[in-house]
Amino acid sequence: MTYAITQTCCSDATCVAVCPVNCIHPTPDEPDFGTTEMLYIDPKSCIDCGACADACPVDAIFPVDRLTGPLKRYEAVNAAHYEGRDPAPVPASPTFHAWGEPSFVRSLPSDFAPIRVAVVGTGPAGMYAAEDLLLHTNAEVTLIDRLPVAGGLVRYGVAPDHPGTKGAGDTLARFHTHPRATVRLGVEIGRDVTPEELAAHHDAVVYAVGAPSDRRLGIPGEDLPGSLSATSLVSWYNAHPETAPDTVALDTDALRATGRAVVVGTGNVALDVARILVSDPAALAGTDIADHALAALRGSLVREVVLLGRRGPEDAAYTASELLALGHLPGVDLVVDTHDPRIAEAVDAAGTGEKAALLKDVARETVDWTRGPDTGRRRIVLRFHSAPEEAVGPDAVRTVRTGGADLPAGLLIRAIGYRGVPLAGLPFDETTGTVPHTAGRVDGMTGTYVVGWIKRGPSGGIGANRACAAETVGSLLADAVDGRLPKPTGTAKAFGRLARARSGRLVDARGLAAIDRAERARGAAAGRPRVKLATVPELVAAARRGRLRGPAV
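Residues numbered from 1 in each chain as written. Predicted model: local features only at pLDDT ≥ 70, side-chain atom pairs only at ≥ 80, totals over all residues. Heavy atoms only, no water.

Chemist: Would you explain the overall build of the protein in this entry?
Modeler: Helix and strand content of the protein: 19 helices and 23 strands. Against the compact-globule benchmark of 24 Å for 553 residues, the protein has a radius of gyration of 24 Å, which places it among compact chains. Judged by the C-alpha coordinates and their principal axes, the protein covers about 70 × 60 × 50 Å. Taking all 553 residues of the protein together, the buried fraction comes to 54%. In the protein, once contacts between residues fewer than 6 apart in sequence are set aside, the share between residues at least 24 apart is 76%. Surface summary for the protein: the accessible area is close to 23600 Å², and the carbon and sulfur share equals 53%. In the protein, 58 positive and 65 negative side-chain charges are present, and the distance between their average locations comes to 7 Å. (Helix = DSSP H or I, 4+ residues; strand = E, 2+ residues; numbered from the N terminus. Rg over C-alpha atoms; globule rule 2.2 N^0.38 Å. Buried < 20%, exposed > 50% of the residue type's maximum accessible area, 1.4 Å probe, protein only. Contact = heavy atoms within 4.5 Å. Areas by Shrake-Rupley, 256 points an atom, 1.4 Å probe, with all protein chains shown as cover. Lys, Arg positive; Asp, Glu negative; His and termini not counted. Charge placed at Lys NZ, Arg CZ, Asp CG, Glu CD.)

Following this line, the structure appears as structure tokens:
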């Protein structure tokens, strides 16, 4: 029986590397790698060995005979990817291959002296870079994060009802305790330590700080109470310590009057926000969602979420897997608003595999916005060819005006993309929100590199960072071999002393492990995988209690 890749695919290609018959595509050396929404298993080539399922970091691969409910559809999704394509050549034996020439583009000569590399940011991009350095070289790596806990986007960006995706964080977390890795959390570069001081203690510095800001709509009323960014809402329900529990209110007078939230955008983040807002809190109670968010959702007055897309369904930014998941939410209806004839035309004319075809089985309705949502049902409405023009209300958002309609709403959420912010001491491109670079080398700064969203912009999921990190690490190691890296003047121990003296909230590997134990213990007591510590003081206190049990790492 063949295997199939399902919704939570991270596309980092770990499964490709272990497949003995080359039946998973696209592979990292194929042109469409990184452009398809996920990876796919060819049912005609799969030999049912299960190696891919064992290697998958996000538990996305299953035998097709075990797919049930919403996942059953992925048997056809995988097979459809290969329709009309020439089948990949299958070796005569899974053991004996015709191998290509070996390539060691991310390695150092065996007699090369160890280099010391600082990685700033402990999200997927930074940890993939650290993984490359620790597995392929004898480098020593200092892991730095401004927050007193590691994880970055996996911890604070992945929706709580996607536990499989969060599993990627557990896979990468094993490098926190690697013997050549040193953890220095709670240290902000530019506040506690200058970029120059960091560089003086390391041969190279890799910045993996992501894109923590958001894009603005630029419409009147955008700053009214009840209008916020998806960045803030996602941080709120994920217990980010810099997002206050009262950042989001779901029981306001405006929501009592309208019962409706409007989300601007049709990307995966927009779908995450919509799904969380209308999901049954009882289902979310079994996840690691923030306690304050769970309490707010239990008392939420939101009955309907409208997703506004500026263009048509053929240009929607969500992935097929995320849209398919919306259609299987218990007690939630999914509707396409057919206010514009182009919408139904695009859906009906779409061929297999096209984005608009995903909506063929979704209910359609020309929504009457003068009526409030049905209080007995919850629903998500997809409204294409509709851009926000103004948020209206005397004291808070009460109406969102779009072309051709006024939508009564008590909440307006912009989910139109993340954006990088300038970093102390580094060049910055205001247009793209990224650091100018060449193959990861920061322009004009020898020994300084970037990886992830601050390098390429906010595109691609968790797995996309593996290839991104490979390029950056390749550039770094090439510079090391060519003798282009500046020699550090300070030692690793000196940097540790400097960081501890400058930061009052420094957390090391033992402290990080203590935080993990504390959160899991809180979760076990509540029947949940973990209950996150939601403030910096709580995180630091938990870390320090753990460090008292033994010497610091």
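Chemist: Before we go on, may I ask you to explain unusual backbone geometry in this structure?
Modeler: A cis amide bond, omega -5°, links H25 with the succeeding residue P26. In this structure, P26 sits in the loop between β2 (24-25) and β3 (40-41). Unusually for a residue other than glycine, D48 sits at a positive phi of about 65°. When you line up the elements, D48 lands in the loop between β3 and α2 (51-55). Under the relative-accessibility criterion, D48 is labelled partly exposed at 35%.

Chemist: Help me understand the packing of helix α4 (residues 124-136) against helix α16 (residues 464-481), please; the structure alone is not making it clear to me.
Modeler: Two measures define how a pair of helices packs: the angle their axes make with one another and the distance between the axes. Following both chains from N to C, one finds α4 and α16 inclined at 50°, their axes separated by 8 Å at the closest point. The angle between α4 and α16 falls in the class oblique. Crossing handedness for the pair α4 and α16: right-handed. Contacts from P124, A125, Y128, A129, E131, D132 and L133 of α4 reach α16 at N465, R466, A469, A470, V473 and L477. For the contact of α4 with α16, the residue count by class is nine nonpolar, one polar and three charged. (Axes fitted to C-alpha atoms, helices over the stretch in contact; angles between N-to-C directions. Parallel < 35°, antiparallel > 145°, perpendicular 65-115°, else oblique. Left-handed = near helix turned anticlockwise from the far one by under 90°. Nonpolar A, V, L, I, M, F, W, Y, C, P; charged D, E, K, R; others polar.)

Chemist: Help me understand the packing of aromatic side chains in this model?
Modeler: The tally for this structure, following the rule as stated, stands at one aromatic pair. Consider the rings of Y418 and W453, whose centres lie 5.4 Å apart with planes at 45°: the pair is tilted. With a gap of 35 residues between them, Y418 in strand β20 (residues 418-419) and W453 in helix α15 (residues 453-456) connect regions that are remote in the sequence. When its relative accessible area of 12% is taken as the criterion, Y418 is described as buried. On the basis of relative accessibility, which here comes to 14%, the residue W453 falls in the buried class. (Phe/Tyr/Trp six-rings, centres within 6.5 Å; stacked < 30°, edge-to-face > 60°.)

Chemist: Where do I start with the nonpolar core in this structure?
Modeler: Buried together is how nonpolar side chains tend to be arranged in soluble globular proteins. I24 and I41 are the most contacted members of the largest nonpolar core, which has 72 residues in total. Among the elements that make up this core, the one with the highest residue count is α4 (seven residues). Setting aside residues no more than four positions away along its own chain, I41 makes contact with T2, Y3, A4, I5, C23, I24, C46, C52, I61, N78 and Y82. Grouped together as the second largest cluster of nonpolar side chains are 53 residues, L228, V234, L250 and Y318 included. (Core = buried A, V, L, I, M, F, W, Y, C linked by side-chain atoms within 4.5 Å.)

Chemist: For this particular structure, what's the right way to read the side chain of S386?
Modeler: Position of S386 relative to the elements: it lies in the loop between β15 (378-383) and β16 (388-392). At a separation of 3.4 Å, a polar atom in the side chain of S386 contacts the side chain of T402. The contacts of S386, once residues within four sequence positions are left out, are L308, G309, R310, H339 and T402. (Polar contact = N/O pair within 3.5 Å; in protein donor to acceptor, adjacent residues only side chain to side chain.)

Chemist: It is not clear to me how the pattern of salt bridges should be interpreted in this structure. Could you clarify?
Modeler: Any two side chains of opposite charge can pair if their charged atoms end up close together. Taken as a whole and assessed by the stated rule, the structure comprises 40 salt bridges. Between R398 and D395 there is a salt bridge; the shortest N-O distance is 3.6 Å. When its relative accessible area of 28% is taken as the criterion, R398 is described as partly exposed. Its relative accessible area of 46% is what places D395 among the partly exposed residues. Each of the salt bridges in this network shares a partner with another, and the network as a whole consists of R155, D516, E519, R520 and R530. (Salt bridge = Lys/Arg side-chain N within 4 Å of Asp/Glu carboxyl O.)

Chemist: Help me out: how do you make sense of the sheet that holds strand β19 (residues 411-414) in this one?
Modeler: What the seven strands build is an open sheet, ordered β10-β19-β11-β12-β15-β13-β14; its pairing is parallel. Each edge of the sheet is formed by a strand with only one pairing partner; in this case those strands are β10 (227-229) and β14 (363-365). Within the sheet, the average angular offset between the axes of one strand and its neighbour, ignoring direction, is 25°. Pairing analysis gives five bridges linking strand β12 (residues 304-308) to β15, with the strands arranged parallel. Across the sheet, V305 pairs through a bridge with I380, a residue of β15. In the packing of helix α8 (residues 230-237) onto the sheet, contacts are made with β10 and β19, and the angle to β10 comes to roughly 75°. Lying over the sheet, helix α10 (residues 268-278) contacts β11 (260-264), β12, β13 (332-337), β15 and β19, oriented at roughly 170° with respect to β12. (Pairing = 2+ DSSP bridges.)

Chemist: Is there a simple way to explain the packing of α8 against α10 in this structure?
Modeler: The contact between α8 and α10 brings their axes to 10 Å, and the two run at 50°. Of the possible angle classes, the one that applies to α8 and α10 is oblique. α8 and α10 meet at a crossing whose hand is left-handed. Along the contact surface, α8 presents A230, L233, V234 and Y237, while α10 presents V269, D272, V273 and I276. Each residue belonging to the contact of α8 with α10 can be placed in one class, and the counts come to seven nonpolar, no polar and one charged.

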